[in-house]
Amino acid sequence: MEKGRRILPAGLAPLGIRHDVYYDMLSMMTLSEAHRQNLLNRGLSQQRIDANMYRTVPADWRQRREIAYILAKRYPLAGVPGFFTRSGGWSLWGKPGILIPYLTVDGYIQGVQIRLDDDSDGKYRWLSSNPDYGYENGTAACSWIHVTGDITRDTACITEGGLKGDVASFLRGDALFIGVPGAGNTEFLVDTLSTLPNLKRLVGCYDRDQMKNGNVCAAVEKMERELRTQMGIQYEPFAWDNRYNGIDDYLLARKNGRRKSA
């Protein structure tokens, strides 16, 4: 499951442990009504929101510590990003926002990202406990690649972020989407794509404003060369109505337009 060119942090827990810890962690949390409405407004259904296990980060640190306390009785938390020790007990890091599981092709939760309520310093942050920032027995997160939709398809769309990929996939009838944390964060992309059984073509669905950024364009061109030389995969960009920056925004507007005209 974790092989090839991936450079993983020292001490990172195996995928099976991370999945079990994160799955149980999310099962002990709830989704606030404000966050639920946010996800509904993006075009997701109630059933898909539940299935994707989005959760609200508990605001009270004592609640997060209680979750870590319970999990520590079931699993070794050393090596699981987001968990650290304080005053002799395990704790869970967090900032207010929506927890978004990042899945492998087999549906394992490899990591978790937070869609921050306060996005003044960026919209997303990994659930992490990097020891370099003083988190005792903590572990840094990786820039995981998220896989969502029908993995048997021969065409995958690539976009920024797991949540955007989830929404776009749902709005396109479970189309296969690959969510990268950012256009330049493709460290694990080749390894991830190699796990898709029928993949022949990759369609770029990056935000339109991002494609005006020279650094992003250079990163995409580099990715295209790597895919062609290492995997022989065809890459092509997808263009949509300029009124919509993101592929998710465009697909939602198209869905709502059809609904109004029906």
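Please read all numbers here as calculations on a predicted model, not as lab measurements.

Asks: Honestly, the nonpolar core in this entry has me stumped. Any pointers?
Replies: Counting 49 residues, the largest nonpolar core has Tyr54, Ile158, Ile178 and Leu193 as its most contacted members. Mapped by element, the contributors of at least two residues to this core are strand 4 (97-103), strand 8 (155-160), helix 5 (162-171), strand 9 (177-180), helix 6 (189-193), strand 10 (201-204), helix 7 (214-230) and helix 8 (247-261). Leave out the neighbours within four places in its chain, and leucine 193 touches Ile178, Leu199, Leu202, Leu227, Met231 and Ile233. Counting residues in each nonpolar core, the second largest holds 24 residues, with Tyr22, Tyr75, Leu77 and Val112 among its members.

Asks: Is there a simple way to explain the sheet that holds strand 8 in this structure?
Replies: The strands making up a sheet associate through hydrogen bonds between their backbones, and the pairing can be parallel or antiparallel. Ordered in space as 7-9-8-10-11, the five strands form an open sheet in which the pairing is mixed. Where the open sheet ends on each side, the last strands, each with one partner, are strand 7 (146-148) and strand 11 (234-237). With strand direction ignored, the average angle separating the axes of adjacent strands in the sheet is 25°. Here four bridges tie strand 10 to strand 11, and the two strands are oriented parallel to one another. In the sheet register, arginine 201 faces strand 11, and the bridge partner there is glutamine 234. Packed onto the sheet, helix 5 meets strand 7, strand 8 and strand 9 and runs at close to 10° relative to strand 7.

Asks: In this structure, what is going on with unusual backbone geometry? I would like to understand it.
Replies: Trans is the common state for peptide bonds, and a negative phi is the common state for residues other than glycine. At serine 87, a residue that is not glycine, the phi angle is positive and equals roughly 55°. Tracing the chain through its elements places serine 87 in the loop between strand 2 (83-86) and strand 3 (89-92). For asparagine 137, which is not glycine, the phi dihedral falls at a positive 60°. Within the secondary structure layout, asparagine 137 lies in the loop between strand 6 (124-126) and strand 7.

How each quantity is defined
- Per-chain numbering applies: the sequence of each chain, read as written, is numbered from 1 onward.
- In keeping with the predicted nature of the model, local features appear solely for residues at pLDDT of at least 70, side-chain atom pairs appear and are counted solely at 80 or more, and the whole-chain, interface and lining totals rest on all residues.
- In computing side-chain values, all of the structure's heavy atoms are included and hydrogens and water are not.
- The term nonpolar core refers to a set of buried residues drawn from Ala, Val, Leu, Ile, Met, Phe, Trp, Tyr and Cys, joined through side-chain atoms within 4.5 Å.
- Burial classes follow relative accessibility: with a 1.4 Å probe on protein chains only, a residue under 20% of its type's maximum area counts as buried, one over 50% as exposed, and anything between as partly exposed.
- Only runs of H or I of at least four residues qualify as helices and only runs of E of at least two qualify as strands under DSSP, and these elements are numbered from the N terminus.
- Pairs of residues are marked as contacts when any of their non-hydrogen atoms sit within 4.5 Å.
- Two strands qualify as a pair provided that DSSP identifies no fewer than 2 bridges between them.
- Structural elements are reduced to axes, namely lines fitted to C-alpha atoms, with helices fitted over the stretch in contact, and the angle between N-to-C directions of any two is expressed from 0 to 180 degrees.

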